[in-house]
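Structural features, examined
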Amino acid sequence: MELADFVPGDRVEFIATTDPYSRLQPGDRGNVIRVDPMGGVAVRWDSGAVLGMLPDQGDEIRRIGGRADV
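Here the structure is a predicted model, which means the values were calculated and not measured.

Focus: the environment of Asp56
Within the element layout of this structure, Asp56 appears in the loop between strand S4 (50-53) and strand S5 (60-67). By relative accessible area, Asp56 is classed as exposed at 72%. Expressed as a C-alpha distance, the spacing of Asp56 and Tyr21, which sit 35 residues apart in the sequence, is 18 Å.

Side note on the side chain of Asp10
Here Asp10 is to be found in strand S1 (residues 10-16). A distance of 3.0 Å separates the side chain of Asp10 from the backbone nitrogen of Val7, its partner in a polar contact. For Asp10, the side chain forms a polar contact with the side chain of Arg63, separated by 3.2 Å.

Let's talk about the packing of aromatic side chains
Inspection of every chain in the model, using the stated rule, returns one aromatic pair. Ring geometry for Phe14 versus Trp45: centroids 5.8 Å apart, planes at 90°, classification edge-to-face. Taken as a pair, Phe14 in strand S1 and Trp45 in strand S3 (residues 40-45) lie far apart in primary sequence, 31 residues in all.

Looking at the nonpolar core
Core analysis: the biggest nonpolar cluster contains 11 residues, these being Phe6, Val12, Phe14, Leu24, Val32, Val41, Val43, Trp45, Leu51, Met53 and Ile61. Counting residues per element, the ones that place at least two in this core are S1, S3 and S4. Sorting elements by how many residues they give to this core places S3 first, with three residues. Phe14 has contacts with Leu24, Gln25, Pro26, Gly27, Asp28, Trp45, Met53, Glu60 and Ile61, leaving out every residue within four places of it along the chain.

Brief notes about the pattern of salt bridges
Think of it this way: side chains of opposite charge can pair up when their charged atoms draw near. In this structure the tally under the stated criterion is four salt bridges. For Asp46, the salt bridge goes to Arg11, with nearest N and O atoms at 2.6 Å. One end of the pair, Asp46, is in the loop between S3 and S4; the other, Arg11, is in strand S1, and 35 residues separate them in sequence. Here Arg11 falls in the partly exposed class, since its relative accessible area comes to 23%. Across the pair Arg29 and Glu13 runs a salt bridge, and its minimum N-O distance is 3.9 Å. Taken together, the residues Arg29 in strand S2 (residues 29-36) and Glu13 in strand S1 connect sequence positions 16 residues apart. A residue is classified by how much of its surface remains accessible, and Arg29, at 39% relative accessible area, is partly exposed. One network of salt bridges, with partners in common, ties together Glu13, Arg29 and Arg62.

Cut-offs used in this document
Residues numbered from 1 in each chain as written. Predicted model: local features only at pLDDT ≥ 70, side-chain atom pairs only at ≥ 80, totals over all residues. Heavy atoms only, no water. Helix = DSSP H or I, 4+ residues; strand = E, 2+ residues; numbered from the N terminus. Buried < 20%, exposed > 50% of the residue type's maximum accessible area, 1.4 Å probe, protein only. Polar contact = N/O pair within 3.5 Å; in protein donor to acceptor, adjacent residues only side chain to side chain. Phe/Tyr/Trp six-rings, centres within 6.5 Å; stacked < 30°, edge-to-face > 60°. Core = buried A, V, L, I, M, F, W, Y, C linked by side-chain atoms within 4.5 Å. Contact = heavy atoms within 4.5 Å. Salt bridge = Lys/Arg side-chain N within 4 Å of Asp/Glu carboxyl O.

Printed below as a string of structure tokens:
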């Protein structure tokens, strides 16, 4: 996952996180709400949770569709 691959409004699918407290499951979907140039992608998941994904720390998401309203 490269930060340049994502922009606010992208539809994404959760693959994995190193966050032991996350209740997200592989296959969960959400919308990117912010891309932090310091290395994070904030996602509002369909479940209502918001979690910043940190690719440098092993978090994984993939883009699954076009832009959505944020």
